[in-house]
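# Examination of the molecular architecture
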Amino acid sequence: MGRTYRTIGINLKAMPLGESDRLLSVFSRDRGLLKLVAPHSRGSRSKLGGRVDLFVVNDLFISPGRNLDRILQAETVATYQGLSRHLTTLTAAQYLGEVVLYQVQPQQPHPALFDWLCATLDQLQGVSSRAALAVLVRGLCGILRLGGIAPEWYQCHDSSCKITVPAADTDWRVGFSFASGGVFTIKAQHTVGNDSLAGISGDRQLTASEVRLGQWLAMPTTQSLARDEFLTQAEAYPLSVWLSLERVLRQYLQFHLEQTLRVPPLLDSCFSPVVVSQP
């Protein structure tokens, strides 16, 4: 058994363990994914108390164990209590947490992803449902970028030609390939699939508005905008376009993670009956 160690981590998943313990999935800034036992944390007199709640960032003092390490002490660094005030913001946070859990690995630190997640959770607090959707989608774009699998929005992956979005053309379409990771020009003989997850070979159509939004979100200046400025500019895009792009990113993530995400369908109920384009 090794020596005790210390790390900063955010709780992303919790489940009961034994009679009174919890098993936490913690994203550590300098150690990657940790599976930790929070002893006696389900008791009313637990010293850990709210420190084991989801999306709480703790300074952890940990004792290595034979199978699982155990939390000896936790001091809270940050909480995001505003997330639970609205169903949409809580669902968006859980969505981000689920995606990050699939991205991080034990003993593989990813401080940039840790900082991006915490910043996005902070931005989600206290916003409207529409704003939460925009922050979520920008957050997903950042996770894809940091994971090295961000889709290409500016040039066709087949011909490398620049994709220029027309100012006003309701009939204009491009294809989007999950497998190739970006947009492509639709040729006359090319059949592009619909929005269904069945037969997830990866092709679907995107409208001019969806591509324009994807290009805007891919810009480094957009990624670094302060929340209020970002949300002001985000108003230029209709809610239906944000919902449609989230669906594209959801399927893209599931394709590359090779996992069916559990939380995103809950987001659909937050916005029904808003119509999402199904080309």
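Reference entry: report on the structure contained in this document.

What counts and how
Residues numbered from 1 in each chain as written. Predicted model: local features only at pLDDT ≥ 70, side-chain atom pairs only at ≥ 80, totals over all residues. Heavy atoms only, no water. Helix = DSSP H or I, 4+ residues; strand = E, 2+ residues; numbered from the N terminus. Buried < 20%, exposed > 50% of the residue type's maximum accessible area, 1.4 Å probe, protein only. Contact = heavy atoms within 4.5 Å. Arc of directions from axis to C-beta. Core = buried A, V, L, I, M, F, W, Y, C linked by side-chain atoms within 4.5 Å. Pairing = 2+ DSSP bridges. Axes fitted to C-alpha atoms, helices over the stretch in contact; angles between N-to-C directions. 1 Å grid on protein atoms, 1.4 Å probe; cavity = no way out; pocket = protein on both sides within 12 Å on 5 of 7 lines; lining within 4 Å. Points joined across faces, edges and corners; volume = space filled by probe spheres on them. Nonpolar A, V, L, I, M, F, W, Y, C, P; charged D, E, K, R; others polar. Parallel < 35°, antiparallel > 145°, perpendicular 65-115°, else oblique. Polar contact = N/O pair within 3.5 Å; in protein donor to acceptor, adjacent residues only side chain to side chain.

Now for the side chain of Thr 120. With respect to the element layout, Thr 120 can be found in helix H2 (residues 111–124). For Thr 120, a relative accessible area of 3% corresponds to the buried category. Residues in contact with Thr 120, not counting those within four places in the same chain, are Leu 96, Val 135 and Gly 139.

On to helix H8 (residues 264–271), then. Those residues of H8 that sit buried are Pro 264, Leu 267 and Phe 271. All buried residues of H8 project into a common sector of 40° when viewed along the axis, lining one side. Of the surrounding elements, those touching the buried residues of H8 are helix H1 (87–103), helix H3 (129–146) and helix H7 (239–257).

Moving on: the nonpolar core. Ranked by internal contacts, the top residues of the largest apolar core, which has 67 residues, are Ile 10, Phe 27, Leu 121, Leu 124, Leu 217 and Trp 242. Those residues in contact with Leu 124 that sit more than four places away from it in its chain are Leu 83, Thr 89, Ala 92, Ala 93, Leu 96, Ala 132, Val 135 and Leu 136. Among the nonpolar cores identified, the runner-up in size contains 12 residues, and Tyr 5, Val 26, Leu 36 and Ala 74 belong to it.

The strand order around the closed barrel formed by five strands is E1-E2-E3-E5-E4, and the pairing between neighbours is mixed. Taking the axes of each pair of neighbouring strands and ignoring which way they run, one obtains an average angle of 50° across the sheet. Across eight bridges, strand E1 (residues 5–17) lies against strand E2 (residues 21–28) in antiparallel orientation. Along E2, the bridge assignment pairs Ile 10 with Phe 27. Running at roughly 110° to E1, H1 makes contact with E1, E2 and strand E3 (32–38) of the sheet. Packing against the sheet, H2 makes contact with E1, E2 and strand E4 (57–63), and its axis sits at approximately 60° to E1.

This next bit is on the layout of surface pockets. Its volume calculated, the largest pocket comes out at about 330 Å³. Lining the largest pocket are 16 residues, with Leu 12, Lys 13, Glu 98, Leu 101 and Arg 262 sitting closest to its centre. Among the secondary structure elements, those contributing two or more residues to the lining of the largest pocket are E1, E3 and H1. At five residues, the largest contribution of residues to the lining of the largest pocket is made by H1. Here the lining of the largest pocket is built from residues that sort into nine nonpolar, three polar and four charged. What the second largest pocket holds in volume is close to 170 Å³. Every residue along the wall of the second largest pocket is listed here: Gly 50, Asp 53, Leu 54, Phe 55, Val 56, Thr 79, Tyr 80, Gln 81, Leu 83, Ser 84, Leu 90 and Gln 94. Looking at the lining of the second largest pocket residue by residue, the classes come out as six nonpolar, five polar and one charged.

Take the packing of H7 against H8 next. At their nearest, the axes of H7 and H8 sit 11 Å apart, and the two run at 170° to each other. When the axes of H7 and H8 are compared, the pair comes out roughly antiparallel. Only Pro 264, Pro 265, Leu 267, Asp 268 and Phe 271 of H8 make contact with H7, whose side of the interface consists of Leu 239, Leu 243, Glu 246, Arg 247 and Arg 250. In the contact of H7 with H8, the residues fall into six nonpolar, no polar and four charged.

Moving on, we get to the side chain of Ser 25. Relative to the assigned elements, Ser 25 resides in strand E2. Here Lys 35 takes part through its side chain, which lies 2.8 Å from a polar atom of the side chain of Ser 25. With residues near it in sequence (within four places) discarded, Ser 25 still touches Ile 10, Asn 11, Leu 12, Lys 13, Leu 33, Leu 34, Lys 35 and Leu 101.

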